Amino acid sequence: MTRYLLRRIAFLALTLLLASLLVFTITNLLPGDPARIMLGREAGPAALAEAREALGLDDPFPVRYVTWLGQALQGDFGTSFTTGEAIAPLVFERLGNSMRLAGLTLLIAVPLAILLGVVAALHANRWPDTLISVTSLAVVGLPEFVTGLILIQLFAFGLGWVPANASIAPGATFAEALPAMVLPAITATLVMLAYIARLTRASVAAELTRPYVRTARLKGTSHGTVLRRHVLRNALLPTVTIIAISFGWLISGLIVVENVFNYPGLGRLLTFAIDRRDLPLMQAITLAAVTVFALANLVADVTYAILDPRIRLA
Amino acid sequence: MTPATATPPRARTGWRTLRSLFATPTSTVGVVIVGVFLLLAAIGPLVVPYQPNEQLLTARSQPPSLEHWFGTDRLGRDVFSRVVAGARDIFLLAGGGTALAVLLGTLTGLMAPTLGGWWDEITFRLYDTLLALPALLLALLILGTIGPSRSSVLFVIAIAYTPIVARVVRSVVLSVKTRDWVAAARLQGESLVWIVFREILPSVLPALAVESALRFSYAIFLVASLGFLGVGVQPPAPDWGLMVAEARNYVFTTPWTLAFPAAAISLLVIAVNLAADGLGRALQGETR
């Protein structure tokens, strides 16, 4: 197990290293001069030269990359072009908000999706299955920005149950932030729900056709016991991986959802940074998101290996 | 599994793929709806009553009527004309981007495992790295840097989906590479290019068809999301996502300006999914 874990962590480090190189390369494709973007159109040549010097823009690409990466590893993401303040505290605060929202979403989405998937598989090709698959298809077709806007209309403006603007005060506790987080979390849930439910259904349905299920039933084991002790234990294993894969969707979904609800997370900050062409801020946000995504994959792989010894022995 | 055979599954694969689109009632519905959208995209500008950006100053914020089927927005633009014009954009950007991704993904996915060694390693290391970024994040990072435009949206879709297509193609290639008919072709002294395109490619087609359809449905979402976030197609273009974003503050006064473009996105995505689903079911037996 330790060897497996070490191998996975080394792989994670490599992935992050390559991803950081990719992020840095992309953000340096910019046609034009970051110094000019930072200072604006009126800046004189002397000021531009000074800014280029301060930003290290005159150094060759590899030198700039290594410098940037070295500072990032020490938690220093530079200063924002827009606000002139240090980026790291801002990004970490917003990351915390996004993680809260992601956590709440997973808390709703995962049990619900598994329940729906199992129910659909147990009633394969009968009405509960059809109902679930038709509903999830309809949900798949709804972009999260449309679902979000509809939910705001219904529950914020119509019924007045929750605030329409999901901005939360800095330093608010989870309980204080909860009312503002409910609608965004439900919207993001819909993004993942159909996907996880569908794959869970396929997995459980496939497991039900295995010969051992019939053997157990013929032995006189009750249907419920076969399901609990045998089928679900095997069939829900891939769900761990499915959840990790859909974490990527969750990140994409949250970027949109946070913008619909004006929720102060990383996704909202990213569109802010893009609007102002704030390159260091964009780099820091992307790196943070990539790291979280990679860690989620690592956690899923390790969980899978703990649950299924065949993986780590292979 | 049939016993070892020296004949690859070639010929009429394309035709069978086409026919299997109509294999089930639901996939037929999907294909028909996609067809209607495609037709609108092709001939739309000829049949719509107004230019997408034409402002009828005497008819602002009109509810749907016989004259304006989908109503008009607060600038007096005919929503039906804009939705139809947006269909062309969606097929050009999401469809074009997907096509590019399928082309690049197929070529590299076929060549990498065939050439093997370093080539395979470098290509797929790059693809894995690209996949470390969720699609929307990658798209935002690129568009945020090079600036939003129609061609950059197309480019971004191609970049985001090439690795996934290549992965699917590669997995099929690896599974058929050792089959007898490939060995037979090699023994006959046929060239590598011939083997890849005539012997291996036909086996890849079914999986590729399903994957392309799925990618297209995601690409529609991606284009719409980018438009909604204001980093994709720029105003005043009749982009569906952009139209939803422009309408969001007027949901109470002119709900139709939001409802119709939103419905267009949903309908097209659902239809593409139905078609992909039918395709997958019909071709399932052929991929093994």
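Remember, predicted model here, so these are calculated numbers, not experimental data.

**Q** I would appreciate a short explanation of the side chain of B:Thr98 in the present structure.
**A** Residue and element names in this part refer to chain B. With respect to the secondary-structure elements, Thr-98 resides in helix H3 (residues 79-115). Residue Thr-98 is classed as buried on the basis of its relative accessible area of 5%. A polar contact of 2.5 Å, which involves the side chain of Thr-98, links it to the backbone oxygen of Ala-94. With residues near it in sequence (within four places) discarded, Thr-98 still touches Ile-157, Ser-212, Arg-215, Phe-216 and Ala-219.

**Q** I'm lost on the environment of B:Pro63 in this one. Help?
**A** All names here are of chain B. Following the sequence through the fold, Pro-63 ends up in the loop between helix H2 (25-47) and H3. In the structure, Pro-63 is positioned 21 residues away from Ala-42 in sequence and 27 Å away in space, judged by C-alpha atoms. Not counting chain neighbours up to four residues away, the residues in contact with Pro-63 comprise His-68, Gly-71 and Trp-256.

**Q** How do you make sense of the interface of chain A and chain B when you look at a structure like this?
**A** It is common to report an interface's size as the accessible area lost on association of the parts. Between chain A and chain B, the residue contacts involve 43 residues of the former and 39 residues of the latter. Surface buried jointly by chain A and chain B totals about 3500 Å² across both partners, of which 78% is contributed by carbon and sulfur atoms. The interface formed by chain A and chain B holds 1 salt bridge in total. A salt bridge links A:Arg198 to B:Asp277; the nearest nitrogen and oxygen atoms lie 2.7 Å apart.

**Q** Even after reading the chapter, I still don't get unusual backbone geometry, so can you show me in this structure?
**A** Glycine aside, a negative phi is what most residues show, and trans is what most peptide bonds show. Between B:Pro235 and the following residue, B:Pro236, the backbone shows a cis peptide bond with an omega angle of 5°. Along the polypeptide, B:Pro236 turns up in the loop between helix H8 (192-229) and helix H9 (240-247). Positive phi, normally seen in glycine, also occurs at A:Asn262, with a value near 60°. Tracing the chain through its elements places A:Asn262 in the loop between helix H11 (237-261) and helix H12 (266-275). Take A:Asn262: its relative accessible area is 33%, and that puts it in the partly exposed class. The residue B:Ser61 is not glycine, and still its phi comes out positive at about 50°. Note on placement: B:Ser61 falls in the loop between H2 and H3.

The rules behind these values
The written sequence of each chain sets the order in which its residues are numbered from 1. To label them, take the chains in the order written and letter them from A, then take the ligands in the order written and number them from 1. Only residues with pLDDT of at least 70 get local features here, since the model is predicted, and only at 80 or more are side-chain atom pairs given and counted; chain-wide, interface and lining totals rely on the full set of residues. Excluded from the side-chain calculations are hydrogens and water; all other atoms, namely the structure's heavy atoms, are used. Strands are runs of DSSP state E lasting at least 2 residues, helices are runs of H or I lasting at least 4, and numbering of each runs from the N terminus. Three exposure classes are used, based on accessible area relative to the maximum for each residue type with a 1.4 Å probe and protein chains only: buried under 20%, partly exposed in between, and exposed over 50%. Two N or O atoms form a polar contact when they lie within 3.5 Å of each other; inside protein one atom must be a possible hydrogen donor and the other a possible acceptor, and for residues adjacent in sequence the pair counts only when both atoms belong to side chains. What makes two residues a contact is simply this: any of their non-hydrogen atoms within 4.5 Å. When two parts are brought into contact, each loses some accessible area as probed by a 1.4 Å sphere; the total of that loss over both is the buried area. Whenever a carboxyl oxygen of Asp or Glu lies within 4 Å of a side-chain nitrogen of Lys or Arg, that contact is scored as a salt bridge.

Take it as geometry only, folks, not as evidence of what the structure does.
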